[in-house]
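# Understanding the architecture of this molecule
So you can see what is in the structure, the chains are spelled out below.
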Amino acid sequence: MEKKVVVAVVCVAAVAGAVATAAVVKRKMKMDRRWAKAMEIVKEMQEKCGTPIGKLKQVADAMVVEMHAGLASEGGSKLKMLISYVDNLPTGYIFFDFSFRHMRSNWTRIVFAYAYVMKLICSLIDEKGLFYALDLGGTNFRVLRVQLGGKDGGLVNQEFTEVSIPPNLMIGTSDALFDYIAAELAKFISQEGQEFELPPGKQRELGFTFSFPVMQTSIASGTLVRWTKGFSIDDAVGLDVVAELTKAMKRQGLDMRVSALVNDTVGTLAGGKYSYKDVAVAVILGTGSNAAYVESAQAIPKWHGDLPKSGEMVINMEWGNFRSSHLPLTEYDHAMDNESLNPGEQIFEKLISGMYLGEIVRRVLLKMAEEAAFFGDIVPPKLKTPFILRTPDMSAMHHDTSSDLILVEKKMKDILEETYFVLYIEKGPRYPICNTSLQTRKVVVELCNIVATRGSRLAAAGILGILKKIGRDTVKDGDEQKTVIAMDGGLFEHYGEYSKCLENTVTELLGEEVSKTISIEHASDGSGLGAALLAASHSPYLEAENC
Ligand code: BGC
């Protein structure tokens, strides 16, 4: 009898053991299947985001074609190629190029030599005095007070305040936005000391950096073409933004005039020129992205005004709206674009700029969670929230050098855990608090790398396009022409892997010899300073005082 019991117990134990083993094996197979599926999604993303040199060159060539089309006629291309009315960049210190190599006839050389000499004689024309700048282009805006010392003094002093824009104002009305900005401007001025008081009858002068597409009608007026970067204020589209700001300043009792309206790229070009005489291109890589460059006025068929004395004109490309069949777009990009505030617009910007990179990574992770249970049996509900994974978080994860990727773990917890915790409380311990494995975290970093690399390499292709258009992508015998590209924007400044990859790709695209003639410089916060400088060089008071 006892023997039978023992046999039965052994049998039951053996069966239980076999069942448990089978369950473990089954679970392992399930996990392997899920992992394989997750890796398939990553691999497909990597392939679709590929940017081999050949493709980048095609993108650059397409950019050149669109630049020509945009310069030929209004509406001729997705690239607006907006005329900035800046035909002379402020010099700060005097750097003159006496070679006149770019001029074709002797007569032109003589006329220009005369103009240069006159400029030397009238050297007081250099920017001098007290100017203000308002820099609006993202979720924050800045008010600056800039004191310029003229020919010998350079930049004497610069102070600023930064204010964030309440999200409801970004999608409200034109009056509400401009009233808010003018009130902050009035506050800034009301706090300044007596030393900044102007003589009676003299108005304060402002350079207005407005970083959205604007069709300018003069250096100090222009109508808003459309909003970008999460702004959507319908009643402002088609209005003159300077007139709107001026009305709002009046409502605040502020006696101030806008002397220059500039895009941030144009401001950066002007600010960059103040320090580097060879600046020819400016690129912003921040929340949004764009580029401006110095174009020969004769190469702008759509310009019907008088040819500027300098023979040049700064063009605000609005390259964020560039698109081409050569751009490597994925299902995630299409979905993000369809669900955006501006579907079909700003496609290049949506591939390369800070507003969107983190969101693309989120979309891929969500698919992995839904189709490959990448974060376990449930899909973390917070991961379904658009823009919850911001590019600064993505950058922090991408730069995590710790062996166990501790920062990635923390960031993923921040993004996923709250909801897990709520579920844990509501539904009990079946829903554990999320802990990602090291293997999972490595994949997250890999995804950040794929998305950032694609963006930065495409931005480099855009730069090559501009250099080609202005003939700076080759070196002619004996030509020692240097070209400085002034760069700014939070993405360029803070996302090291992105900017490193961009600079390497520019070198890869140009080759060693040409690369030696090109330098990429960080023109930190140049756009506000540039706007103040342009306000100074377009000041009616200075024009009256000087020549
Ligand atoms: C705007 C540009 C701006 C760029 C960088 C884009 O979204 O359209 O005007 O220069 O962002 O701020």
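Predicted, not measured: the structure shown is a model, and the values here were computed from it.

What follows deals with the overall build of the protein. Counting its secondary structure elements, the protein contains 18 helices and 13 strands. Buried residues in the protein amount to 50% of all 547 residues. Sequence separation of 24 or more characterises 72% of the internal contacts of the protein that already satisfy a separation of 6 or more. Accessible surface for the protein amounts to roughly 25,000 Å². Of this, 56% is attributable to carbon and sulfur atoms.

The full set close to the ligand counts 14 residues, and T228, N263, D264, E318 and E349 are the nearest of them. D264 is positioned such that a nitrogen or oxygen atom in its side chain is 2.6 Å from an oxygen atom of the ligand. A distance of 2.6 Å is found between an oxygen atom of the ligand and a side-chain nitrogen or oxygen belonging to E318. Isolated, the ligand exposes 300 Å² of accessible area, and the fraction of that covered by the protein chains is 98%. Comparing atom positions with the cavity grids shows the ligand to sit within the second largest pocket. Here the shell around the ligand is built from residues that sort into three nonpolar, seven polar and four charged.

Before going further, it helps to examine helix α8 (residues 331–338). Residues separated by three or four positions in an α-helix point in the same direction, a consequence of the helix having 3.6 residues per turn. Every buried residue of α8 is accounted for by Y332, D333, M336 and D337. Across the axial projection of α8, the buried residues extend over an arc of 130°, all falling on one side.

To continue, consider the pairing of strand β11 (residues 312–316). Where burial is concerned, most of β11 is hidden: four out of the five residues are buried. Sheet topology note: the strand β10 (residues 289–296)/β11 ladder contains five bridges and is antiparallel. From the neighbouring strand, A292 faces β11, where its bridge partner is N316.

A few words on the side chain of S324. In this structure, S324 sits in the loop between β11 and α8. Look at S324 and you get buried, because its relative accessible area is 15%.

Checked against the element boundaries, T209 lands in strand β5 (residues 204–210). Given a relative accessible area of 0%, T209 falls into the buried group. A distance of 3.4 Å separates the side chain of T209 from the backbone oxygen of S527, its partner in a polar contact.

Now for the pairing of strand β6 (residues 214–218). Pairing of β6 with strand β7 (residues 221–224) involves four bridges; the strand directions are antiparallel. Within the sheet, the bridge partner assigned to M215 lies in β7 and is T223. Adjacent in sequence and paired antiparallel, β6 and β7 are bridged by two residues.

Counting residues in each nonpolar core, the largest one holds 86 residues, and the members touching the most others are W319 and L365. It is helix α13 (residues 438–469) that contributes the most residues to this core, 16 residues altogether. Core analysis: the second largest hydrophobic core is formed by 38 residues, A182, I189, W227 and V241 among them.

A few words on the pattern of salt bridges. With the rule as written, the count across this model stands at 32 salt bridges. Note that E371 is salt-bridged to K37, the shortest N-O span being 3.8 Å. With E371 in helix α10 (residues 354–372) and K37 in helix α1 (residues 2–48), this residue pair connects regions lying 334 residues apart in the sequence. For E184, the salt bridge goes to K187, with nearest N and O atoms at 3.5 Å.

Another point: the layout of surface pockets. Estimated volume of the second largest pocket: approximately 1,500 Å³. What lines the second largest pocket is a set of 50 residues, among which G138, T139, G286, T287 and G490 lie closest to the centre. Among the elements of the structure, β2 (128–136), β3 (140–149), β4 (155–164), β10, α10, α11 (391–398) and α14 (490–494) are those that each provide at least two residues to the lining of the second largest pocket. Split by residue class, the lining of the second largest pocket holds 16 nonpolar, 22 polar and twelve charged. Here the lining of the second largest pocket gathers at least three residues from each of two domains, domain 1 (41–84 + 275–523) and domain 2 (85–91 + 105–262).

Phi at A373 is positive, roughly 40°, even though this residue is not glycine. Mapping A373 onto the fold places it in the loop between α10 and α11. Of note in this structure, F387 is not a glycine but carries a positive phi near 65°. Within the fold, F387 resides in the loop between α10 and α11.

What counts as what
Residues numbered from 1 in each chain as written. Predicted model: local features only at pLDDT ≥ 70, side-chain atom pairs only at ≥ 80, totals over all residues. Heavy atoms only, no water. Helix = DSSP H or I, 4+ residues; strand = E, 2+ residues; numbered from the N terminus. Buried < 20%, exposed > 50% of the residue type's maximum accessible area, 1.4 Å probe, protein only. Contact = heavy atoms within 4.5 Å. Areas by Shrake-Rupley, 256 points an atom, 1.4 Å probe, with all protein chains shown as cover. Near = heavy atom within 4 Å. Polar contact = N/O pair within 3.5 Å; in protein donor to acceptor, adjacent residues only side chain to side chain. 1 Å grid on protein atoms, 1.4 Å probe; cavity = no way out; pocket = protein on both sides within 12 Å on 5 of 7 lines; lining within 4 Å. Sits in = over half its atoms within 2 Å of the grid points. Nonpolar A, V, L, I, M, F, W, Y, C, P; charged D, E, K, R; others polar. Arc of directions from axis to C-beta. Pairing = 2+ DSSP bridges. Core = buried A, V, L, I, M, F, W, Y, C linked by side-chain atoms within 4.5 Å. Salt bridge = Lys/Arg side-chain N within 4 Å of Asp/Glu carboxyl O. Points joined across faces, edges and corners; volume = space filled by probe spheres on them. Domains from an automatic or database assignment.

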